Amino acid sequence: MKRTILLLLLVFVFATLSWGGTITPIQSYTPVLTGGTVANFEGFSEFARISSQYSGMTFSQTGGGLPMIDNYNENLGGMGCSGLGWCYGYGASSGSGVLTGSPDGGNIVTTAGIIINFATPQFGVQAFLSDTSPLGDYTVSAFNSTHLLLGTLTVLNGTGLPPGYNGGFFPPPGTFPLPGIYVGFEDTVAEISSIQIGPSSAGGDAFAVDDVRFGSTTPEPGTITLVLSGVGAGVGMLRRRKLI
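These numbers were taken from a predicted model, which means no experiment stands behind them.

(A) A look at empty space enclosed by the protein. For the structure on display, the rule yields one cavity of 30 Å³ or more. The calculated volume of the largest cavity comes to roughly 80 Å³. Around the largest cavity, the lining residues are L129, S130, D131, P134, G136, Y138, V155, L156, N157, G158, G160 and I181. Looking at the lining of the largest cavity, its residues break down into six nonpolar, five polar and one charged.

(B) Highlighting the state of the cysteines. For the structure on display, the rule yields one disulfide. The side chain of C81 participates in a disulfide bridge whose partner is C87; the two sulfur atoms lie 1.9 Å from each other. What sets the handedness of the C81 and C87 disulfide is the S-S torsion sign, and at about -90° it is left-handed. Exposure class is identical for C81 and C87. Each is buried.

(C) Looking closely at unusual backbone geometry. For the bond running from F176 to P177, omega is -5°, close enough to zero to count as cis. For P177, the location among the structural elements is in the loop between β9 (149-155) and β10 (181-187). Here the amide bond leading from G198 into P199 is cis, since omega sits at 5°, within 30 degrees of zero. You can see P199 is positioned in strand β11 (residues 192-200). If you check the backbone angles, T110 has positive phi at about 75° while not being a glycine. When you line up the elements, T110 lands in the loop between β5 (97-100) and β6 (114-122). Even without being a glycine, H147 presents a positive backbone phi close to 65°. In this fold, H147 is placed in the loop between β8 (138-143) and β9. Using a relative accessible area of 53% as the deciding quantity, one classes H147 as exposed.

(D) Geometry of the confidence of the model for the chain. For the chain, mean pLDDT is 88; residues scoring 70 or higher make up 80% of the total. In the predicted structure, residues 11-17 sits below a pLDDT of 50 and forms five contacts with residues beyond four places in sequence or in another chain. Taken together, the stretch residues 216-228 has pLDDT below 50 and engages in 18 contacts with residues farther than four places along the chain or on a different chain.

(E) Spatial organisation of the sheet that holds β11. One open sheet accounts for five strands, arranged β3-β6-β11-β8-β9; its pairing is antiparallel. With partners counted over all chains shown, the strands left at the sheet margins are β3 (57-61) and β9, one partner each. Taking each pair of neighbouring strands and ignoring which way they run, the sheet shows an average axis angle of 15°. Sheet topology places β8 next to β11; five bridges connect them, and they run antiparallel. Note on β11: the bridge partner recorded for A142 is I195.

(F) Local environment of the nonpolar core. Counting 31 residues, the largest nonpolar core has F41, M57, F59, I116, I195 and I197 as its most contacted members. Among the secondary structure elements, those contributing two or more residues to this core are β3, β6, β7 (124-130), β8, β9, β10, β11 and β12 (208-214). In contact with I116, other than residues within four places in its own chain, are M57, T58, F59, S193, S194, I195, I197 and V212. F47, M68, Y90 and A208 belong to the second-largest nonpolar core, a separate cluster that totals 11 residues.

(G) Just the pairing of β7, in detail. With respect to burial, β7 is a largely interior element, seven of its seven residues being buried. Side chains of β7 alternate between two faces, with G124, Q126, F128 and S130 and V125, A127 and L129 buried alike. In this sheet, β10 lies alongside β7 in antiparallel orientation, the contact comprising six bridges. Of the residues in β10, the one forming a bridge with G124 is E186.

(H) Molecular detail of the pattern of salt bridges. Throughout the structure, instances matching the rule amount to one salt bridge. Notably, a salt bridge pairs R49 with D104, separated by 2.9 Å at the nearest N-O pair. With a gap of 55 residues between them, R49 in the loop between β2 (37-39) and β3 and D104 in the loop between β5 and β6 connect regions that are remote in the sequence. Of the residues examined, R49 reaches a relative accessible area of 26% and is grouped as partly exposed.

Calculation criteria
- Residues numbered from 1 in each chain as written.
- Predicted model: local features only at pLDDT ≥ 70, side-chain atom pairs only at ≥ 80, totals over all residues.
- Heavy atoms only, no water.
- 1 Å grid on protein atoms, 1.4 Å probe; cavity = no way out; pocket = protein on both sides within 12 Å on 5 of 7 lines; lining within 4 Å.
- Points joined across faces, edges and corners; volume = space filled by probe spheres on them.
- Nonpolar A, V, L, I, M, F, W, Y, C, P; charged D, E, K, R; others polar.
- Disulfide = S-S within 2.5 Å.
- Buried < 20%, exposed > 50% of the residue type's maximum accessible area, 1.4 Å probe, protein only.
- Helix = DSSP H or I, 4+ residues; strand = E, 2+ residues; numbered from the N terminus.
- pLDDT = per-residue confidence, 0-100.
- Contact = heavy atoms within 4.5 Å.
- Pairing = 2+ DSSP bridges.
- Axes fitted to C-alpha atoms, helices over the stretch in contact; angles between N-to-C directions.
- Core = buried A, V, L, I, M, F, W, Y, C linked by side-chain atoms within 4.5 Å.
- Salt bridge = Lys/Arg side-chain N within 4 Å of Asp/Glu carboxyl O.

Here it is, written out as structure tokens:
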């Protein structure tokens, strides 16, 4: 009997840690997540394609191919860009480099949705989304390891720039308030395996992302404490029965 109860308790532990959790969207003009690993897109040449240069994550884009780097004041009109500060209307949350859609796969430059896959499922994921001249809405989606949709959020046209923003269409590095919004998800269990940011609901809408961040892959202390307290209570009940 004792062994049966202990076995059931162990099954409960593993089931608790593997069941789907509760996912909460991040949509904020200031960062919500800190620490962990961050891709800041600094130190790459203009138009460099980004795939697996950052440990723990792999980048791609909707329509095929890979997204590219845009560094402030380096596009020189190449790739169909504006020749101004940025290829088109967006900015950075830090440094002078951002990630945007490339023309790979027949995409219009700077418009493809950005896809990030994580090597291990995550509790929390965050990225900075910038469009200083939005034409439509942006949907951000999170998926598990089987590509089951976990949650979505929508940045409505007119809400992607903070109150008081006055940096214009091509904000230089260091512009404040920042030229965009932090988006992402927090989960009660580690199950976020990928996210997709964009594309815009309006065709030809340019945007970029910066400072993609993910955190620890270990269960949250609260989850562990709850599970272990249940195991402890079960063991305590067994001991009391034995004494009686």
